[in-house]
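Here is how the chains run, residue by residue.
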Amino acid sequence: MKGLKNIISILFLIIYFIFLISLLVSYLSPYINPKNFWLFAFFGLAYPYLLLANIVFLIWWIIRWKKLYWLSLLCILIGWPNMKHFFHLSFDHDTSERKDEIKILSYNIRLFDLYNWTHQKNTRNKIFSFLEDESADILCLQEFFQSDNGPFKMLDTLSNITKSKDHHVEYTLTRRKDHWGMATFSKYPIINKGKITFKTTSNNICIFSDLKIGNDTVRVYNVHFQSISFGNADYKFMDVLKEKNDTLDAEDIEIASKNILRRLKRAFVKRAGQTDKVLEHIGSCSYPVIVCGDFNDTPFSYTYHSFNEKLQDAFMENGSGIGSTYLGSFPSYRIDYIFHSDNFMASGFDIAPTELSDHYPLISRLKLISSK
């Protein structure tokens with residue numbers, strides 16, 4: 001009996017150190033380019049669960065009054081510089097709007113529910129009503145859809161309800177009279193338009209628009225980085241796991257898991273290349289910069305860290321909590337962002353609780369404090 005207890009104790013310690021080392025490895029994920037070594041990105045994705053497991057171990061060692069609690073506490077605290085990007089507290093919740101502020105709204109609208117994912121007939125009109133009520137000065141839409149005819153003829157409708165003076169639309173796919181892409185609507189004149197294309201067959205792209213705001217010119221980047229592109233079989237597998245259904249055998253689990261990991265790896269690597277390309281373009285811009293969009297990556301990623309090194313995260317200035325922006329089957333994280341250069345100061349940030357897409361809309365108010 002004593003021998004069995006020793007074996008269990010040894011196994012428990014092995015599991016403990018696996019989780020502890022994994023947590024430490026996850027701290028490196030924001031600093032290592034997945035193109036060079038993609039494995040670290042998986043640990044970054046698992047960070048919240050690794051942190052939770054190590055907190056449980058910490059509590060266990062404290063209850064048992066084992067000196068290992070010092071090791072657990074130390075390893076958890078080492079990650080504080082990155083942890084604060086995952087969970088943030090702000091006590092500045094001023095919702096009043098001022099005339100000298102620019103209201104930004106970024107939203108992945110999932111094609112206005114073109115394929116009826118929500119199983120609601122009026123989702124498109126609800127999105128219209130939401131955008132009209134918010135009346136943002138700059139509206140950045142990802143997964144935009146436009147049809148030349150019919151109810152999805154969006155450009156005129158959105159220009160009217162948002163009272164936009166100008167818009168910038170780029171399409172990544174056109175089939176007859178239907179178009180898929182990105183769109184930026186602005187109450188300010190757009191004096192220049194451009195796009196940054198990626199070497200991918202997906203619908204990911206970055207567009208940039210130069211806006212004339214008073215006597216200043218501001219460049220707005222609207223991005224949609226590489227998606228994981230799960231298939232229906234992947235989502236069904238995750239749903240089965242959530243329901244703790246035992247209908248899957250070991251072979252099914254192995255095949256599905258490998259497929260998901262392969263898609264994740266591909267997305268990590270492609271996003272890294274897209275990140276570097278956009279940041280290089282931003283580095284050559286002499287205007288104040290705003291970057292909005294669906295980054296498809298967490299605050300514990302190379303993508304986020306690379307942007308946050310050069311720009312300010314509006315959520316970190318005025319947001320609170322975990323700030324989850326994704327509603328899909330995959331674990332919910334903050335994967336949509338509004339960044340800005342030091343020329344701006346954020347005075348408000350909200351994640352609207354509007355469940356009309358698989359993403360929540362992001363709203364921020366920025367004040368231009370310097371044009372240089």
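J.: Looking at this model, I keep getting lost on the packing of aromatic side chains. Mind explaining?
T.: Geometrically, a pair of aromatic rings is defined through the distance of the ring centres and the angle of the planes. Throughout the structure, instances matching the rule amount to 33 aromatic pairs. Judged by centre distance (5.2 Å) and plane angle (65°), the ring pair of F37 and F40 falls under edge-to-face. The class of F37 is partly exposed, set by a relative accessible area of 43%. Between Y115 and W117, the aromatic rings sit 5.3 Å apart at their centres with planes inclined by 75°, giving edge-to-face as the arrangement. Owing to a relative accessible area of 36%, W117 belongs among the partly exposed residues under this scheme. Put simply, the rings of F12, Y16, F17, F19, F57, W60 and W61 pair up and form one aromatic cluster.

J.: Looking at this model, I keep getting lost on the pattern of salt bridges. Mind explaining?
T.: If the charged atoms of two oppositely charged side chains come close together, the side chains can form a pair. As enumerated under the stated definition, the model contains 9 salt bridges in all. Residue D100 pairs with K367 through a salt bridge whose shortest N-O separation is 3.2 Å. With a gap of 267 residues between them, D100 in the loop between α5 (80–86) and β1 (102–108) and K367 in strand β12 (residues 362–368) connect regions that are remote in the sequence. On the basis of relative accessibility, which here comes to 43%, the residue D100 falls in the partly exposed class.

J.: Hey, could you run me through the sheet that holds strand β7 (residues 216–224) in this one?
T.: Strand pairing within a sheet occurs via backbone hydrogen bonds; the two strands may be parallel or antiparallel. Strand order in this open sheet of 6 strands is β5-β6-β7-β8-β10-β9, and the pairing throughout is mixed. Sheet topology places β5 (190–197) and β9 (312–313) at the edges, where each strand pairs with a single neighbour. Note that strand β8 (residues 289–294) and strand β10 (residues 336–340) share 5 bridges and pair antiparallel. Directly across from C292, in β10, lies its bridge partner I338. Along the sheet, helix α11 (residues 302–310) contacts β8, β9 and β10; its crossing angle with β10, the most-contacted strand, is approximately 20°.

Criteria and thresholds
Once a new chain begins, its residue numbering starts again from 1 and follows that chain's sequence as written. With the structure being a predicted model, the display of local features is reserved for residues of pLDDT at least 70 and the display and counting of side-chain atom pairs for 80 or more, all residues being used for whole-chain, interface and lining totals. The side-chain figures draw on all heavy atoms in the structure; neither hydrogens nor water molecules are used. Each pair of aromatic rings taken from Phe, Tyr and Trp, with Trp reduced to its six-membered ring, is defined by centres within 6.5 Å and is described as stacked if the planes are under 30 degrees apart, edge-to-face if over 60, and tilted in the remaining cases. Here the term buried applies to any residue with accessible area under 20% of the maximum for its type, exposed to any over 50%, and partly exposed to those in between, with areas from a 1.4 Å probe on protein chains only. When a carboxyl oxygen of Asp or Glu lies within 4 Å of a side-chain nitrogen of Lys or Arg, that pair is called a salt bridge. Secondary structure is summarised from DSSP: a helix means a run of H or I of at least four residues, a strand means a run of E of at least two, and numbering begins at the N terminus for each. Strand pairing follows a simple DSSP-based rule, namely that at least 2 bridges must link the two strands. Whether two residues touch is decided by their heavy atoms; if any such pair falls within 4.5 Å, the residues are in contact. With axes taken as lines fitted to C-alpha atoms, and helix axes fitted only over the stretch in contact, angles between N-to-C directions fall between 0 and 180 degrees.

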